[in-house]
Amino acid sequence: MKKDLTRGNVTRNMLLFAGPMILGNLLQQFYNIADTLIVGQFLGPNALAAVGSAYTLMTFLTSILIGMCMGSGALFSYYYGKKEEKKMKDSMQLSFLLIGGVTILLNLAVMVLRRPILRLLQVPPELMEMMHTYIWIIFLGIFFVFLYNYFAYLLRAVGNSVVPLYFLGSTALLNIVLDLVFVTVCRWGIAGAAVATVIAQAVSGLGLMAYTWIREPQLRFSLHTPAPAKGSAWEILRFAFSSSVQQSVMNFGILMIQGLVNSFGADVMAAFAAAVKIDSFAYMPAQEFGNAFSLFISQNHGAGEIKRVREGMRSAVRISMLFCAVISLLVFLFAPYLMLLFISPQETGIIAIGAGYLRIEGTFYCGIGILFLLYGYYRGINRPEMSLVLTIISLGTRVLLAYLLAPIPAIGVSGIWSAIPIGWILADVTGILYLRRLERKNKGAAAV
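The rules behind each value
- Residues numbered from 1 in each chain as written.
- Predicted model: local features only at pLDDT ≥ 70, side-chain atom pairs only at ≥ 80, totals over all residues.
- Heavy atoms only, no water.
- Helix = DSSP H or I, 4+ residues; strand = E, 2+ residues; numbered from the N terminus.
- Buried < 20%, exposed > 50% of the residue type's maximum accessible area, 1.4 Å probe, protein only.
- Contact = heavy atoms within 4.5 Å.
- Areas by Shrake-Rupley, 256 points an atom, 1.4 Å probe, with all protein chains shown as cover.
- Lys, Arg positive; Asp, Glu negative; His and termini not counted.
- Charge placed at Lys NZ, Arg CZ, Asp CG, Glu CD.
- Axes fitted to C-alpha atoms, helices over the stretch in contact; angles between N-to-C directions.
- Parallel < 35°, antiparallel > 145°, perpendicular 65-115°, else oblique.
- Left-handed = near helix turned anticlockwise from the far one by under 90°.
- Nonpolar A, V, L, I, M, F, W, Y, C, P; charged D, E, K, R; others polar.
- Patch = residues over 30% accessible without salt bridge, like charges linked within 9 Å, V, L, I, M, F, W, Y side chains within 5 Å.
- Salt bridge = Lys/Arg side-chain N within 4 Å of Asp/Glu carboxyl O.
- Core = buried A, V, L, I, M, F, W, Y, C linked by side-chain atoms within 4.5 Å.
- Polar contact = N/O pair within 3.5 Å; in protein donor to acceptor, adjacent residues only side chain to side chain.

## Quick look at the overall build of the protein chain
Scanning the protein chain for helices and strands turns up 14 helices and zero strands. When the helices and strands of the protein chain are listed from N to C terminus, the series reads α-α-α-α-α-α-α-α-α-α-α-α-α-α. C-alpha extents for the protein chain along the principal axes are approximately 65 × 45 × 35 Å. Looking at the 448 residues of the protein chain, the share that counts as buried comes to 58%. For the protein chain, the share of sequence-separated contacts (at least 6 apart) that also reach a separation of at least 24 residues comes to 83%. Put simply, the protein chain shows about 17,900 Å² of open surface, and 69% of that area lies on carbon and sulfur atoms. Across the protein chain, the centroid of the 33 positively charged side chains sits 9 Å from that of the 20 negatively charged ones.

Set out below in structure tokens:
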């Protein structure tokens, strides 16, 4: 199931490698989309607003762990391409201990501070207890989120993107079945949706860890071996924390937007909760393609295949732009009908608000498609800090403009929606200009 990304047709290899990653992430979205669909249809708009707002908080906090796994995976892939097994094993050992420790600390912090966090997010009083219940249960399973993502990125780093898909496929189905049982049969309400998600996450995390340990002996590492060399420790810290900060900054900006959205009341919260799910699902393939592209670049950069790196960049841009253009058109045309997946037809006001969000966002998916490729490229060439810079530009613009425009009566929530694509475009321009600067610098060095 492994694929050597340093050999063969560039476009074909990227698509074959990225395909299972895209399908896997689509299935991962079902963990929360299933909650949203079932909660929205069976428990009503208030429960939908609570789950949606809790999802934003959960995404921010788990993004710290997922970012660390993503950054570690890029380094694993780089050493795999260079055929440096010892350094790869050192990185695996240190990253597992590091990310596992951060997971435990994060879980403890949420359990202690969950009520102050909800007050900081301006959660309406009528939603407070529902959100508190949902978050408390969801974060009982955060260690399983770490296990799944760590071993998924480890397998992908050596070219195996298929096995993580198998585990997600089975557990996504399990999550949906348990949602229906716990919410509609057992009548556990919002707690039932959370319990279903935690059980599914436990099955995927523990299952993938067991598979890797049993079926991939070359990827086993000991937690009791001597500490890795100082250089290896610095590299894993650099990659893991750069990607973690990038992901957490991205989702912290979204969390700040969620707080602003909450100030507009339950209807806007419910519309935003449903629209964000659709929005994330629509551009998620471009995001995951960017992650696959990053591992392609890492392997080839490690192997010294500079020509394949350049060819891969050109091919990735063509693929991503074609996909984003098609999805933009579909979302723009069918926005109100997509909202009906989550919202009852009687809730016409909520549907209109959500459709307005989707039509503004959907017009600019090519912008975020380019941004995902830039993130992946800079991680792949060992410049993860640049990905962080682009994220700060994108999110900083989004948050600043949203808070400036939303209070203006003539603009209102449309200002929040419009700020997002503006941030994407500014980050794209910055990333492309820096890329051209690097190319000029490399050509100058080659001439010397």
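## Section: the packing of helix H9 (residues 266-302) against helix H12 (residues 365-380)
A pair of packed helices can be characterised by two numbers: the angle between their axes and the separation between those axes. In contact at an axis separation of 7 Å, H9 and H12 are set at 25° when each is read in the N-to-C sense. If you check the angle between H9 and H12, you find them roughly parallel. Here the hand of the crossing between H9 and H12 comes out right-handed. Looking at the contact of H9 with H12, its residues break down into eleven nonpolar, nine polar and two charged.

## Some words on unusual backbone geometry
Backbone geometry at Arg 187 places phi at a positive 60°, although glycine is not the residue there. Relative to the helices and strands, Arg 187 is located in the loop between helix H6 (163-185) and helix H7 (190-215). Given a relative accessible area of 67%, Arg 187 falls into the exposed group. Despite not being glycine, Asn 382 shows a phi value in the positive range, around 70°. With respect to the helices and strands, Asn 382 occurs in the loop between H12 and helix H13 (384-405).

## Let's talk about the environment of Ile 353
Its place among the elements puts Ile 353 in helix H11 (residues 348-362). The sequence separation of Ile 353 and Ser 414 amounts to 61 residues, and the corresponding C-alpha distance is 8.9 Å. The residues touching Ile 353, leaving out its near neighbours within four places in the chain, are Val 268, Ala 271 and Trp 417.

## Some details on a nonpolar patch on the surface
A cluster of nonpolar side chains, contributed by Leu 322, Val 326, Leu 329, Leu 330, Phe 332, Leu 333, Phe 334, Tyr 337 and Leu 340, occupies part of the molecular surface with about 880 Å² of accessible area. Tracing the chain through its elements places Leu 322 in helix H10 (residues 306-339).

## Some points on the nonpolar core
Judged by nonpolar contacts, the single largest core of 139 residues is most densely connected at Tyr 150, Tyr 365, Tyr 377 and Tyr 378. For this core, the leading source of residues is helix H2 (residues 45-82), giving 21 residues. Not counting the four nearest positions on each side in its chain, Tyr 150 is found in contact with Cys 69, Phe 76, Met 92, Ser 95, Phe 96, Ile 99 and Phe 221.

## Some remarks on a positive patch on the surface
There is a patch of like positive charges on the surface, built from Arg 383, Arg 436, Arg 437, Arg 440 and Lys 441. Tracing the sequence through the fold places Arg 437 in helix H14 (residues 413-447). The exposed category is assigned to Arg 437, whose relative accessible area is 53%.

## Overview of the pattern of salt bridges
Summed over the entire model, instances satisfying the criterion amount to seven salt bridges. The partner of Asp 90 in a salt bridge is Lys 86, and the shortest N-O contact between them spans 2.9 Å. With Asp 90 and Lys 86 both in helix H3 (residues 85-120) and four residues apart, the pair spans about one turn of that helix. In this structure Asp 90 comes out as buried when scored by relative accessible area, which is 10%. The closest approach of N and O atoms between Glu 288 and Arg 156, which form a salt bridge, is 3.8 Å. With Glu 288 in helix H9 and Arg 156 in helix H5 (residues 142-157), this residue pair connects regions lying 132 residues apart in the sequence. Pair check on accessibility: Glu 288 and Arg 156 agree, each one buried.

## As for the side chain of Ser 77
In this fold, Ser 77 is placed in helix H2. What makes Ser 77 buried here is its relative accessible area of 0%. Leave out the neighbours within four places in its chain, and Ser 77 touches Ala 157, Leu 295, Ser 298 and Gln 299.

## Here we look at the environment of Ser 91
For Ser 91, the location among the structural elements is in helix H3. For Ser 91, a relative accessible area of 1% gives the class buried. Sequence separation between Ser 91 and Asn 382 is 291 residues, and the spatial gap between their C-alpha atoms is 15 Å. In this structure Ser 91 touches Leu 75, Phe 76, Tyr 79 and Ile 236, once residues within four positions along its chain are discounted. Of note is the side chain of Ser 91, whose polar atom sits 2.9 Å from the backbone oxygen of Lys 87.

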